[in-house]
Amino acid sequence: MEKNVSYWEEKRLNLGYGLRQIKNDIRSDPISWSVIFFISLFFITFLVVPLILILYSAINYNGTIKFDAIVQIFSDKQFFDPIIGGGDYFIQIYTPPGGGVSTIFVTGLDFGIVLNTLIIGIFTTLLSVGIGLTTAFLMARVNFQGKTVLNGLLLIPLVLPPFVSGIGFFAMFGNEGIINKFFLGPVLGINVIFQGLFAIIFVQSMHYFTLIHLNVYSALMNADPSMEEQAENLGAKRSTITRKITLPLATPGIASGSILVFILSMEDLGTPIIFGGFGDAIAKKTMTYYIKNNFFAGDATTEIGKTSAAIGALLLVIAILGFIFIRKYVSLRQYSMVSKGRAGTYRSFNPNVFQKVGVYLFFAGLLITATLPHIGILFRSVTKAGTTDQFTSSFYQLIFESNQSQGFLLYVQNTLIYSFTATIFIMVLATMAGYVANRKKFFGMSFFDTLVTIPIAIPGVVLGIGYIRMFGNFPDWGIFTLNPLFFPPTILIISYTVRKFPFTVRSVYSGLQQTDEVLEEAALNLGASKPRVLARIIIPLIILNIVGGALVSLVYIMSEVSTTLILISDSRYGNLVWKLADISAGKLGVFAAVGVLLMMIQAVSLMVTNLLLRNRAEALTGI
Amino acid sequence: MVELNLQNIHIYYDDFHAVKGINLDIENGEILTLLGPSGCGKTTILRAVAGFITPKVGSIILGNKEITNLPPRKRDMGMIFQNYALWPHMTVSENIGFGLKLRKKPKSFILSKVNELLDLVHLPNQGDKYPTQLSGGQQQRVALARALAIEPLVLLCDEPLSNLDYKLRVELRKEIRDVSKTLGVTVVYVTHDQTEALAISDRIAVLNEGEIIQIGTPFQIFHDPHHLFVATFIGENNIFEGSVESINSGTCKVELSSGEKLELVLPYSDSSYLKKKVKLMCRFDPFVLEPKDTKNTLSGIVKHKSFMGTYVQLEVEQENGNVFIINEEENIKKIDELALGVPLSVHIPAESLLMFDAETGERLGIKSSVEDTPVNASKSVS
Ligand SMILES: Nc1ncnc2c1ncn2[C@@H]1O[C@H](COP(=O)(O)OP(=O)(O)OP(=O)(O)O)[C@@H](O)[C@H]1O
Ligand SMILES: [Mg+2]
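Computed from a prediction, not measured in an experiment: that's the story for all the values here. Here the residue numbering is sequential within each chain, running from 1 through the sequence in written order. Naming scheme: in the order in which they are written, chains are lettered from A and ligands are numbered from 1. Per-residue local features of the predicted model are confined to residues with pLDDT of at least 70, and side-chain atom pairs are confined, for both listing and counting, to 80 or more; whole-chain, interface and lining totals are unaffected and use all residues. Just so you know, side-chain values use all the structure's heavy atoms and leave hydrogens and water out.

## A few points about the confidence of the model for chain B
Residue and element names in this part refer to chain B.
Working step 1: On average, residues of chain B carry a pLDDT of 88, and 96% of them reach 70 or more.
Working step 2: Known as pLDDT, the predictor's confidence for each residue is given on a scale from 0 to 100. Contacts are residue-level and defined by heavy atoms, with any inter-residue pair within 4.5 Å sufficient. Segment residues 370-382 is flagged for pLDDT under 50; beyond a separation of four residues in sequence, or across chains, it makes 24 contacts in the model.
Working step 3: The ipTM, which scores confidence in the relative placement of chains, is 0.74 for this predicted complex, and the corresponding pTM is 0.80.

Right under this line is the structure:
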């Protein structure tokens, strides 16, 4: 009992002390505190409140709290169907009645919307971790030639967001795809078509393994080499060292990376939309797809449907729990290396010839598989439909010669306007936020840290319907209205700003960590004002981090699918991603061309980022 | 019985010749220190002994076994790193017991051995903590215990104390010496801190640019340096430039550039010394103030004076601008009251001067060799 009292007493005293300190600091540094205040206000308005509204919508039935919708998504067969029934198949062979080429469908089973999504999340994570761990370990600890090239090649999957990758995948493996039509069909007399959960998991894994790779690779490269040498010195074999020392030391990177992949995979709307567009029925049975197509309660209302709200709430809870876990894990067990100096370099494993061949085969196989969609999309964009040798530039012409007021050029223009505006907001706000988060060590600042970094884990569809729930009844004030049903761009740009904020703020933060506060104090001491110090001392020192982080944000904004699709309600305001979601088999060529354009923009941005930021992992993965 | 031999070791980093033909015989139970300026190759040699680097030329022999190409894990050597290298995901006990576990020792044995070691390094009951919960000094003690747990034939230490503050360094270097003497383990110790080297070692090998300049007991290294490099690297000195004027039996006279003449004791000499450009070296303390006779005296004016507690340090400037330093322990009070600018003459005892070839830095006046003093000299220390 006594212990309890003193515990709470202590808490109370600490709280009082903390608040007093803040009060003093506000007086001496009002500018930083107004930044904290306004950025917090911004994130509470555009992140916390809309999400709470969705949680509330899921259980609020005209003022009474009921859990009907929640129960529904765990009991209704459409959502939750763990039993494999007679109509389910994993692989099915279909032979046309009149004879001809048979088709093998590899689909994966259908377990209902909720379970399907969980399965996608779990398997994508497992596969990504398996591949990413292997690549990171090989690159960091095994000696072989060509690592510099490989380091670049391994980023290729990142330049193609999963949904564009889906188009490429279809171009390769679809029933009209290059592989089936020109190789398997003619040669073996069969077609193989990957669909459903199987296809989604495949496409996602080929993208997300890079996140694991980057995280683990940087953990392995930054760990102190003497940790491993010590074990070797005491008699441990390479395999023991890996198991007992290397992997445990990389655990925070592995854990946080996998949770991020799990969340991103479940909240991914792009891949299901693309496969759905090509007529894949099971791909449509995912949580995000359901929300996207059913979020209004009825045709003539702007109210959010109960089931969509419940599904959104479930996604949100999973994401938030995951994020809390990442934070706990990374901060508690982040081995801020006990040691100071750094002795020697890694003693890497020298493979024998056979092992070396194995390593090259592995990378070759992986890279070929991972880049097949890229090749497919590139190929489809320059060849006439149904051919492999009749080249054409008509798809690109269609884009660039289209009418500015409605065709593709409009979408290109909108894409650029939205993404650059949001990126500029992010640059300004994230620089300020990163600065105060780094320099102000007060009680309650961890709340602020969480506020500006958690958006990375927040499902876009949920935030999107949250905005509709919150602003859907606002009047039409032209460009100032936040109501997406009247004028989507304003709220869309805000959603981009919120969602892609963490990449820049992380980058700024880590830049500041490396600049000594003394530099700043020296300037303050000479009589410079705070804004002046920021402008003349701090920003020049961390400009690379700001620009690099902003570029990463830009890359992810341009490929942001979920809020885009939820919030754009009118083709006048459409952008490229919005247009791509309108995909169907017949429009493959021109869509492939759009995909190639996006891919090139992303590749250039990523290359520049890579040049600017050497510590790529935290910048590119945001954790 | 000689425990560890390095024979003609050459190590290259690509084209860079980092270690140039090192020969070392380290006795069983001896603490040998590699001392030298930063970048002289100390770590490189140590890592070659541990097996992390394979020398391009030369061999390493432990007992009677050649181990030059043996992988590190088979060498049974303990190592302590400058940065402790404790595994943060294991407790103190797990860190210490790691090597024993690898050797498949029974649990109960490991437990008692770990506790024994924790006592030995003065960390009883700290076994369940994680390394981050320990201070720097405690962490280094754990690293010591971990290295000793496998009862290594040789203990390798690479500047183990350089991350610690002065007091802890003094305390821990005593502890490392005591512990390794208790266990009778052979130690190769790397440092660039001369005081540490003098305090901890049985013998010191002074290195420069990948070569051993001199090997000897701390006493020999300090008082009988065979090379100007060793003399200036260890301890503080005055250097006087001059040339040899005459040689008598057992002594010689040197005319300094300031015009004064100094006589010094020279057990061994050679007619080729005549007219040779030399450098004379003298520590700060053998000076005698206000000498009665004028033999071996230097004069100048007092330029600086610092009271250092047990002695007073005077900086004396000669007419030609040459400056030398005197530490005076007697008559402190009187000397402390000396005014700056007063003229002063001091006597240097002939036996406190050492003579070096100004060009090569070789010591003159002893049997010409950089040779090791007899190894058993080290025995008496322990
Ligand atoms: N991995 C390496 N590649 C190339 N040169 C190296 C490497 N490691 C050390 N060197 C060079 O070899 C020389 C000896 O290095 P070593 O680390 O042995 O010095 P040290 O005596 O331990 O110095 P310190 O007291 O600073 O630790 C140095 O000139 C260094 O620059
Ligand atoms: Mg060193």
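Anyway, onward from the coordinates.
## Some words on the layout of surface pockets
Working step 1: Buriedness for pockets is judged along seven lines, at least five of which must meet protein on both sides within 12 Å for an open set on the 1 Å grid over protein atoms alone, while cavities are sets there where a 1.4 Å probe fits but cannot get out, and lining residues have an atom within 4 Å of a point. Grid points are joined across faces, edges and corners, and a volume is the space filled by probe spheres set on the points. Space inside the second largest pocket adds up to approximately 650 Å³.
Working step 2: Here the lining of the second largest pocket takes six residues from helix α2 (residues 92-102) of chain B, the largest share from any one element. Numbering of helices and strands runs from the N terminus; a helix is a DSSP stretch of H or I covering at least four residues, while a strand is a stretch of E covering at least two.

## Focus: the environment of Ile234 of chain B
Working step 1: Among the secondary structure elements, Ile234 of chain B is positioned in the loop between α8 (228-233) and β11 (238-248).
Working step 2: Sequence-wise, Ile234 of chain B and Leu35 of chain B are 199 residues apart; in three dimensions their C-alpha atoms are separated by 9.8 Å.

## With respect to the side chain of Ser102 of chain A
Working step 1: Tracing the backbone shows Ser102 of chain A in strand β4 (residues 102-106).
Working step 2: Leaving out residues up to four positions away in the same chain, Ser102 of chain A has contacts with Ile93, Tyr94, Thr95, Pro96, Gly189, Ile190 and Asn191 of chain A.

## Observations regarding the packing of aromatic side chains
Working step 1: Only rings of Phe, Tyr and Trp enter the pairing, Trp through its six-membered ring, and a pair is recorded when the two centres are within 6.5 Å. The plane angle decides the type: under 30 degrees is stacked, over 60 is edge-to-face, the rest tilted. According to the stated counting rule, one finds 30 aromatic pairs over all chains in the structure shown.
Working step 2: Judged by centre distance (5.2 Å) and plane angle (80°), the ring pair of Phe79 of chain A and Tyr290 of chain A falls under edge-to-face. With a gap of 211 residues between them, Phe79 of chain A in the loop between α3 (68-75) and β3 (91-94) and Tyr290 of chain A in helix α13 (residues 287-294) connect regions that are remote in the sequence.
Working step 3: Burial classes: relative accessible area under 20% of the type maximum marks a residue as buried, over 50% as exposed, and values in between as partly exposed (1.4 Å probe, protein chains only). On the accessibility criterion, Phe79 of chain A (0% relative accessible area) is buried.
Working step 4: For Tyr290 of chain A, a relative accessible area of 13% corresponds to the buried category.
Working step 5: With a centroid separation of 4.5 Å and an interplanar angle of 10°, the aromatic rings of Phe503 of chain A and Tyr556 of chain A are classed as stacked. A residue pair is termed long-range when its members are at least 10 positions apart, and Phe503 of chain A in helix α21 (residues 501-513) and Tyr556 of chain A in helix α23 (residues 530-558) qualify at 53 residues. Per residue, the accessibility class of Phe503 of chain A equals that of Tyr556 of chain A, and both read buried.
Working step 6: Put simply, the rings of Phe42, Phe43, Phe46, Tyr467, Phe471, Phe474, Trp477 and Phe501 of chain A touch in pairs and so form one group of aromatic residues.
Working step 7: Two conditions define a charge located above a ring, namely a distance within 6 Å from the ring centre to NZ of Lys or CZ of Arg, and an angle within 35 degrees of the ring normal. The ring centre of Tyr61 of chain A lies 5.2 Å from the NZ or CZ of Lys306 of chain A, which sits over that ring.
Working step 8: The positively charged end of Arg146 of chain B is found above the aromatic ring belonging to Trp87 of chain B, 4.3 Å away from the centroid.

## Quick look at the sheet that holds strand β5 (residues 190-194) of chain A
Residues and elements named next belong to chain A.
Working step 1: Strands qualify as paired when DSSP identifies two bridges or more between them. Across the sheet, three strands lie side by side as β3-β4-β5; this open sheet has mixed pairing. Each edge of the open sheet is held by one strand with a lone partner, namely β3 and β5. Geometrically, the sheet is characterised by an average inter-axis angle of 20° between neighbouring strands, direction not taken into account.
Working step 2: Taken together, the four bridges between β3 and β4 define a ladder with antiparallel strand orientation. In the sheet register, Ile93 faces β4, and the bridge partner there is Ile104. In this analysis, axes come from line fits to C-alpha atoms, helices being fitted only over the stretch in contact, and the angle between any two N-to-C directions falls in the range 0 to 180 degrees.

## As for unusual backbone geometry
Working step 1: The backbone of Asn62 of chain A sits at a positive phi, close to 45°, despite the residue not being glycine.
Working step 2: Exposure remark for Asn62 of chain A: the relative accessible area of 83% places this residue in the exposed category.
Working step 3: Non-glycine residue Asp14 of chain B carries a positive phi angle of around 50°.
Working step 4: Relative to the elements of secondary structure, Asp14 of chain B occurs in the loop between β1 (2-13) and β2 (16-27).

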